Amino acid sequence: MIVRKSPAELERMRAANAVVASVLAELRKLVAPGVSTQDLDAVAERQIHEAGAVPAFKGYHGYPATLCASVNEAVVHGIPSETPLVAGDIVSLDMGVLLDGFYGDSAITVPVGQVPVRTTELLRVTHESLERGIEQVRVGGHVSDIGHAVQKHVEANGFAVVREFVGHGIGTELHEEPQIPNYGKPGRGSELKAGMVFAIEPMVTMGGPAVRVLGDNWTAVTRDGSLAAHFEHTVVVSEVGPEVLTQIAESDAIVNAGAGDDAPVDESASSLRG
Ligand code: MF3
Ligand code: CO
């Protein structure tokens, strides 16, 4: 059963997801060569607590951190480490919180310093595919319309969609029904109704779609070692169209490529938003 949230419950989900969006916006600014994903995890945990919320992932099936930080060929569920990021890396930052009984969940992928043009394209296309998926969130649509739109855009640009991980309903649980694959035929699955809330999260690779999980039992990496990107938003189905709960303020929406003063930023990356 797909739970539909009442207006009062949606108000609480807006609050939880606003915390996620603002913390991710802060983390994005901190991404730079020399910074470790453990540093980012510590900032995330502190800011979540300052907002009166609780990290959603820490302790979830034994996950050890606040943040999932997946570098380069890591697709999702990377455990924060003390290894410094270096220019040319990309890092996916995935974060969830629990506030007042409701969950929020969002992810962004951020370039570290200057990255090759094709890497910027991977980030752009993955982000665009999330937007294409979100456009399908409308009353009377079907769950599979989302994944169909994502897949079409990704493959038209020569990238591949990961199959093993999917988006999900979200509410009083981090993972609720339905599952939301990032591929498939349109017009299938449950009909979308007002008050449903979905975490839509395309995971896209530069090479093949296959993934495997490392010996830490968490980090999912591409089998072929190609780069992977991941963007996620929590979105409400409403009569007036999709309401994205984890959209960050325009003023925070500039990609900080971690370029500092010395490395030029790839201009085409600057419109990427989480
Ligand atoms: N955004 C991911 C998801 O929705 C995060 C879950 S990771 C875990 O599946 F650490 F919490 F398991
Ligand atoms: Co999620």
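Position numbers for residues count from 1 along each chain, tracking the sequence in the order it is written. The naming scheme follows written order: chains are lettered A onward, ligands numbered 1 onward. Only residues with pLDDT of at least 70 are given local features in this predicted model, and only at 80 or more are side-chain atom pairs given and counted; all residues enter the totals for whole chains, interfaces and linings. To get the side-chain values, all heavy atoms of the structure are used, and hydrogens and water are removed first.

### Some points on the side chain of D41
Secondary structure is summarised from DSSP: a helix means a run of H or I of at least four residues, a strand means a run of E of at least two, and numbering begins at the N terminus for each. By the element assignment, D41 lies in helix α2 (residues 37–50). When accessible area is computed with a 1.4 Å probe and restricted to protein chains, residues below 20% of their type maximum are described as buried, those above 50% as exposed, and intermediate ones as partly exposed. Charged-residue counts in this description rest on Lys and Arg as positive and Asp and Glu as negative, His and the chain ends being excluded. For this document, the term salt bridge refers to a Lys or Arg side-chain nitrogen within 4 Å of an Asp or Glu carboxyl oxygen. We note that D41 is buried and unpaired, the nearest opposite charge coming from K58 at a distance of 5.5 Å. Other than its neighbours up to four places away in sequence, D41 contacts A65, T66, L67 and P80. By definition, residues are in contact when any of their heavy atoms lie within 4.5 Å.

### Here we look at the sheet that holds strand β9 (residues 197–200)
Should DSSP find at least two bridges between two strands, the strands are taken to pair. Pairing within the open sheet is antiparallel, and its five strands lie in the order β8-β7-β9-β14-β15. Of all the strands in the sheet, the pair left with one neighbour each is β8 (176–180) and β15 (243–244). Of the pairings in the sheet, the one linking strand β14 (residues 233–236) to β15 comprises two bridges and is antiparallel in character. Bridge pairing links V236 to E243 in β15. Here helix α3 (residues 117–135) sits on the sheet in contact with β9, β14 and β15, set at roughly 15° to β14. Under this scheme, a helix contributes an axis fitted over its contacting stretch, all axes are lines through C-alpha atoms, and angles between N-to-C directions fall in the 0 to 180 degree range.

### What to know about the layout of surface pockets
The space that makes up the largest pocket amounts to roughly 310 Å³. With a 1 Å grid spanning the protein atoms alone, the term cavity applies to any set of points in which a 1.4 Å probe fits but cannot get out, the term pocket to an open set with protein on both sides within 12 Å along at least five of seven lines, and the term lining residue to any residue with an atom within 4 Å of a point. Taken together, 19 residues make up the lining of the largest pocket; nearest its centre are Y60, H77, D94, L174 and H175. For this classification, Asp, Glu, Lys and Arg are treated as charged, while Ala, Val, Leu, Ile, Met, Phe, Trp, Tyr, Cys and Pro are nonpolar and the rest, including Gly, are polar. For the lining of the largest pocket, the class distribution of residues is ten nonpolar, five polar and four charged. Grid points are joined across faces, edges and corners, and a volume is the space filled by probe spheres set on the points. In this structure, the second largest pocket spans a volume of roughly 260 Å³. What lines the second largest pocket is a set of 17 residues, and nearest its centre among them are T37, A69, V71, I79 and S81.

### Topic: the sheet that holds strand β13 (residues 228–230)
Spatially, β6-β10-β13 is the arrangement adopted by the three strands of the open sheet, whose pairing is antiparallel. Taken across any chain shown, the strands that pair with only one partner, and hence form the sheet edges, are β6 (160–161) and β13. Note that β6 and strand β10 (residues 203–205) share two bridges and pair antiparallel. Within β10, the residue paired with A160 across the bridge is T205.

### Some remarks on the site of ligand 1
Taken together, F57, Y60, Y63, C68, H77, D94, D105, H168, H175, E201, W218 and E232 make up the full set of residues adjacent to ligand 1. One nitrogen or oxygen atom from the side chain of D105 is found 2.9 Å from an oxygen atom belonging to ligand 1. One nitrogen or oxygen atom from the side chain of E232 is found 3.1 Å from a nitrogen atom belonging to ligand 1. Here, Shrake-Rupley sampling with a 1.4 Å probe gives the accessible areas, and only protein chains in the shown set may cover a residue. For ligand 1, whose accessible area on its own is 330 Å², the fraction buried by protein is 94%. Spatially, ligand 1 is embedded in the largest pocket. Classifying every residue of the shell around ligand 1 by side-chain character gives five nonpolar, three polar and four charged. We call a residue near a given molecule or strand whenever any one of its heavy atoms falls within 4 Å of it. The definition of a polar contact used here is a pair of N or O atoms within 3.5 Å, where within protein one atom must be able to donate a hydrogen and the other to accept one, and adjacent residues in sequence count solely through side-chain atom pairs. A molecule is counted as occupying a cavity or pocket when more than half of its atoms fall within 2 Å of that pocket's grid points.

As far as function goes, none of this settles anything; it's purely spatial.
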